[in-house]
Amino acid sequence: MKEDGEIVIQLYEFAPTRSIRVRWTLQELGVDFESVTVNLAAGEHRSPEFLKINPAGKLPVLVDGGFALTESVAIVLYLAEKYLHKGLLPTELQQRAQVNRWLLFAATELEQPLWRITRHTALYPEHLRLTADISLARQDFKDMAAVMEAHMQGRLFIVGETLTVADLVSAYTLDWANEVQLLDDFPQLFAYMERMYARSNAPPRIAEALASIN
Ligand SMILES: N[C@@H](CCC(=O)N[C@@H](CS)C(=O)NCC(=O)O)C(=O)O
């Protein structure tokens, strides 16, 4: 709590993870927050204290007073709604529906193949990793990235003419794709991702964040 009694939002995060989406949103909104590092590499997400906050044992988590929220996309939407006057979410019904569409597209069509790749290359025990699923996931990603590539032709932002939370979630997800060499055939997406990360309020890129913890 601040001296004037205002509650400070807490972000439970770990540098290179999906918590980047939330940090980016808070930074674009210009909202003060307290960072609570949960070191995934050290297994801190499995501590009884953290599991009380998120029984799924995952990051990010946002705590706003007595209210704890998990799921990165739900958190960025909560923040955009809470600070609606900052304009990260359109108020017009169909524009807002388009923001939801691209948030879901990022979380399902783009992120899920990336998550499969990460799990089968680094997270699952070695004897359970499936090389064949990595190839399938790479193709699944490319099929959907082609849709977004066509959409981004001639656009600065994914919806309308101004920044929305859909851009922040998409740019982080594209940076993840870039880390596994999946943006090479998508010049629009690469340029869009670089433009987003050139913003003054942008968080560190995944590679930078990874380097900071190693
Ligand atoms: N759908 C969740 C996914 C959360 C998630 O899987 N977070 C990872 C870091 S990016 C995590 O905490 N992993 C720890 C684990 O699964 O043990 C979200 O978007 O917030």
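As the structure is a prediction and not an experimental result, all values here were calculated from the model. (Residues numbered from 1 in each chain as written. Predicted model: local features only at pLDDT ≥ 70, side-chain atom pairs only at ≥ 80, totals over all residues.)

Participant: Just to check I follow, could you spell out unusual backbone geometry for this structure?
Facilitator: Only a minority of non-glycine residues have a phi that is not negative, and only a minority of peptide bonds are not trans. In this chain, Leu-59 is followed by Pro-60 through a cis amide linkage whose omega measures 0 degrees. In this fold, Pro-60 is placed in the loop between α2 (48-53) and β3 (61-64). Its identity is not glycine, yet Glu-71 carries a phi of approximately 80 degrees, on the positive side. Within the fold, Glu-71 resides in the loop between β4 (67-70) and α3 (72-82). With 17 C-beta atoms counted inside 10 Å, the residue Glu-71 sits in the partly exposed group. (Helix = DSSP H or I, 4+ residues; strand = E, 2+ residues; numbered from the N terminus. Buried ≥ 20, exposed ≤ 12 C-beta atoms within 10 Å, placed from the backbone.)

Participant: Would you mind going over the sheet that holds strand β1 (residues 9-13) with me for this structure?
Facilitator: In a beta sheet, neighbouring strands pair by backbone hydrogen bonds and run either parallel or antiparallel. Taking strand neighbours across the sheet as the criterion, the four strands line up as β2-β1-β3-β4 in an open arrangement whose pairing is mixed. The sheet is open, and its two edges are formed by β2 (33-37) and β4, each paired on a single side. Taking the axes of each pair of neighbouring strands and ignoring which way they run, one obtains an average angle of 20 degrees across the sheet. As defined by bridge partners, β1 adjoins β3 across three bridges and the pair is classed as antiparallel. Residue pairing in the sheet places Gln-10 in a bridge with Val-63 of β3. Here helix α1 (residues 19-29) sits on the sheet in contact with β1, β2 and β3, set at roughly 150 degrees to β1. (Pairing = 2+ DSSP bridges. Axes fitted to C-alpha atoms, helices over the stretch in contact; angles between N-to-C directions. Contact = placed C-beta atoms within 7 Å.)

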